[in-house]
Amino acid sequence: MAAAAASSPFPAASKLAAAHPPPEGVKYAYGTAGFRMRAELLDAAVVRMGMLAALRAKQTGKAVGVMVTASHNPVADNGLKMVDPSGGMLAASWEVLAAKLANAGIADVGAELAAVAGEGACGDAACEGAVVIVGRDTRPSSPALADLVAAGVASVGGSVLDGGVVSTPQLHYLVGASNATARACESARLGGLRPDVDGYFARLATSYKACLAAAAVDAAAAAPEQGTTIIDAADGVGGPQAARTASDLAGALSWEVRNAGDSASLNDGCGAEFVQKGRTPPRGVDAASDALPGCRICSLDGDADRVVFHAFVPAEGEAGASWELVDGDKLAALLAVTVGALLKRAGGQAARLSMGVVQTAYANGAATRWVAARGLEVACAKTGVKFVHHAAEAYDVGVYFEANGHGTVVFSPAALLAIDHEADAAVAADPAVVSGAGASERAAAAAAALAAGGDAGAAVEAAVGAMTPGAAAVALQALTVLINQFVGDAIADALACEAALRIGGAPFGRWIAMYSDLPSRQTKVRVADRLALTTVPDESRLEAPAALQAAIDEAVKAVDCGRAFVRPSGTEDVVRVYAEAATVAAADELAAVVARAVFDLAGGQGSRP
Ligand SMILES: CC(=O)N[C@H]1[C@@H](OP(=O)(O)O)O[C@H](CO)[C@@H](O)[C@@H]1O
Ligand SMILES: [Mg+2]
C-alpha cells in the first residue's frame, strides 16, 4: 500500500485514503442533500470529500464549504453537504465527481483526483492557497468527521477555516460572504456582509429592524398582538442560533426557545420533519398553556434549513383547542404577497420585475389555487431543493418552498439593482424614510382590511398600499438582506414571516385563515424496480407505465376535487403516492386505490396495500 501511495499523483491523499478504507458493501450516493447514512460508515467518503472540496476551491480560486450534518435524520446518522463558491449547493457536474471519488477503490483515489485536477496540477501541495470552510452540527459524531474533512483538505495542500458549530444556512452564508462583494446598502445600513458568524447575526438583526422601521412598525408596541413565538429547535444546532437571534432582537421580538437540549434526542418527537410529516405537535409544547393568541410555535429541523409554523387554536366558547399547521406552502403564500405588494408599491423599475412562486407537486391544491387567484404566477418543479431553487431563478424574484418548509426568496442581480436603485433614491431624497412615517395610516389600512374579514395577505397588501413608495422600497431592500439568498434558512425565513405579520398587524389566526388545505394523504409502495416509473418534468404525471397513469386518471375522475400522482422517491427505495380530495375519507380512499394500482401495475413487493 505504501508503494502504491508513493507512486500516486497525490501521495499524501492516497495514504490517507488507505488509512480510511470504505466499509464492505457500502455504496455512497450524493443524493438530494449530499451523503447521508449511519455515522460510522462515513469516514472514507468524508476524507475524500475534503480532498475534492480543496480541488474545487483551487480551481475556482474561491472558498468552498463542507457541512457535516444529517439534518432531520436520527442522531446515529450523519452526512455531508458541499457548498459551492457562490454559497449555493454544489454544481450538479461535481455531484457526479463526488460520487465517483467516494466510491473509487483505494488504489484509484490518486488517479481520480488527478482526473479532476487536470494535467500538471498534482502533488501534495497541489491545492496550496485553496480554502475550505468546514462547519458541523451538534451530533456527537460530528467533531471527528469534521477533523477527517480537514485531514482530507490538508492531504492535497489546502487550508481549512473552522466554521465551528453552525447551521447549514450559516455555513452557506460564510462561504457566499467570503467570496462576494457587499452591495452598497449592505455595508452602509444593513448589517454588512462579514464572512463570520457575528456578521451573519448582525445582518439578521439589523435588516429585520430596518424592515420594520421603514414600514413604521413599532416592534415593541406590536408585541401584545403578536405574542410569543415558541421555537422548537429539534434539539439541534438551531437551538443556540435561535437563542442568539432572540437575544439580539430582545424588545423587538419575543422568541422562547425550547427543545434546545442534548443532541441525544435530536429530531426525536420534535422538529419540522416530525411535525409536518406526522401532522402533530412536537413534545415540549402544551395545548393549554401554549395556545393562541399568546403563543404560536415554529419548528426547525436538525440543521435549521427548514421551518414550519403551527398553533393551538382555542375552540370558541368551549374547552380544548384544535391544532393547525402552517406549512411551507403557506410561508410561500405570505412571503409572496408581502414581497409582491412591496415591489408594486415601490414602483419604478421594481414594479416591472417578474415574480413567480415555485412549488412542487406536493403543494396542496388549495395553496396553488390561492396563489394563482392573487394574480401571482405559479410554477411546479421537480421535488428537491436544488430543482426548486433553480426554477425560482427563472424569475427576477422567485419565491419557492417545498411543503415541508425548505425554501427562500431569491432575487436576481437585476432585481437587486432595481430595488437598490429605488431605495437608495428614496433615502437620498429624504433620509428620514428609513425610520418610516405614516404609522397610523398603515395601521388603519391594515385594521380596515382585517375588520372586513381579510386574511393576513389582505392585511399586508392594505398596509403596504398605505406606505409611501420610498418607504416600500426601503423595507423591501431590507428584506432582500434579511432573507438568505444562498439557501433556505429557517431562522431568516421565520424572521421574514414575523416581519410580514407585523407589517400587516395580522394576528396569527389570519395567516392560518388564508386558505384551508384540502385533505391529503401520502403513502408509499415498495416495488421491484421503482426507476421503471418515469414522470413528466414536474412529476405530476407518469410517462411510464402508461397503464398505471391511465388507472390513476380513472381513479381521480371519480373523486370530488381529486388529484393524485405517484413518483419514485429520490431518497428511499419506494414509490411515493400522494392523493387529495374534498374530504378526508375521499383522500384516504383515493390514496388506497392508487397505491393498489401501483402495486398491481408496477411490480408491487410484499403485501398488497
Ligand atoms: C415528499 C417529500 O417530502 N420529499 C422530500 C424527500 O425527497 P424524496 O425524493 O421524496 O424522497 O427528501 C428530500 C431531501 O430532504 C426533500 O427535498 C423532499 O421534499
Ligand atoms: Mg435540513
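Residues numbered from 1 in each chain as written. Chains lettered and ligands numbered in written order. Predicted model: local features only at pLDDT ≥ 70, side-chain atom pairs only at ≥ 80, totals over all residues. Heavy atoms only, no water.

**Student:** Please give an account of the coordination of the magnesium ion (ligand 2) that cites residues and values.
**Tutor:** The protein atoms donating to the magnesium ion (ligand 2) are Ser71 (OG), Asp301 (OD), Asp303 (OD) and Asp305 (OD), with metal-donor distances spanning 2.0 to 2.2 Å. Going along the chain, you hit the donors of the magnesium ion (ligand 2) in the pattern S-x229-D-x1-D-x1-D. Of this pair, Ser71 sits in the loop between strand 2 (64-68) and strand 3 (77-83) while Asp301 sits in the loop between strand 8 (295-300) and strand 9 (307-314), and the two are 230 residues apart along the sequence. Take Ser71: its relative accessible area is 2%, and that puts it in the buried class. (Donors = N, O, S within 2.8 Å, 3.2 Å for Na, K, Ca; no water. Helix = DSSP H or I, 4+ residues; strand = E, 2+ residues; numbered from the N terminus. Buried < 20%, exposed > 50% of the residue type's maximum accessible area, 1.4 Å probe, protein only.)

**Student:** Help me get a handle on the layout of surface pockets, residues and values and all.
**Tutor:** The space that makes up the second largest pocket amounts to roughly 890 Å³. If you go around the second largest pocket, you meet 34 residues; those closest to its centre are Ser86, His389, Glu393, Gln485 and Phe486. With five residues, the single largest contributor to the lining of the second largest pocket is helix 16 (residues 385-392). The residue inventory of the lining of the second largest pocket, partitioned by class, reads 15 nonpolar, 11 polar and eight charged. When residues of the lining of the second largest pocket are assigned to domains, at least three map to each of domain 1 (2-165) and domain 3 (329-512). (1 Å grid on protein atoms, 1.4 Å probe; cavity = no way out; pocket = protein on both sides within 12 Å on 5 of 7 lines; lining within 4 Å. Points joined across faces, edges and corners; volume = space filled by probe spheres on them. Nonpolar A, V, L, I, M, F, W, Y, C, P; charged D, E, K, R; others polar. Domains from an automatic or database assignment.)

**Student:** Please set out the pattern of salt bridges residue by residue, giving values where relevant.
**Tutor:** This structure, assessed with the given rule, holds 32 salt bridges. Between Lys100 and Glu112 there is a salt bridge; the shortest N-O distance is 3.8 Å. Linking Lys100 in helix 4 (residues 92-103) with Glu112 in helix 5 (residues 109-117), this pair joins segments that are 12 residues apart in sequence. When the shortest N-O distance is used, the salt bridge between Arg183 and Asp420 registers 2.7 Å. Within this pair, whereas Arg183 is found in the loop between helix 7 (168-179) and helix 8 (184-188), its partner Asp420 is found in helix 17 (residues 413-429), the two being separated by 237 residues in sequence. Via salt bridges that share partners, Arg183, Glu186, Arg203 and Asp420 belong to a single interconnected network. (Salt bridge = Lys/Arg side-chain N within 4 Å of Asp/Glu carboxyl O.)

**Student:** Explain unusual backbone geometry to me, and be specific about the residues and the numbers.
**Tutor:** The omega torsion across Leu292 and Pro293 is 5°, close enough to zero to call that bond cis. Here Pro293 lies in the loop between helix 12 (271-278) and strand 8. With omega at -5°, the peptide bond leading from Ala544 into Pro545 counts as cis. With a phi angle near 50°, Ser71 is a residue other than glycine that sits in the positive phi range. The residue Asn267 is not glycine, and still its phi comes out positive at about 60°. Relative to the helices and strands, Asn267 resides in the loop between strand 7 (255-258) and helix 12.

Geometric descriptors of this kind do not, in isolation, establish any biological role.
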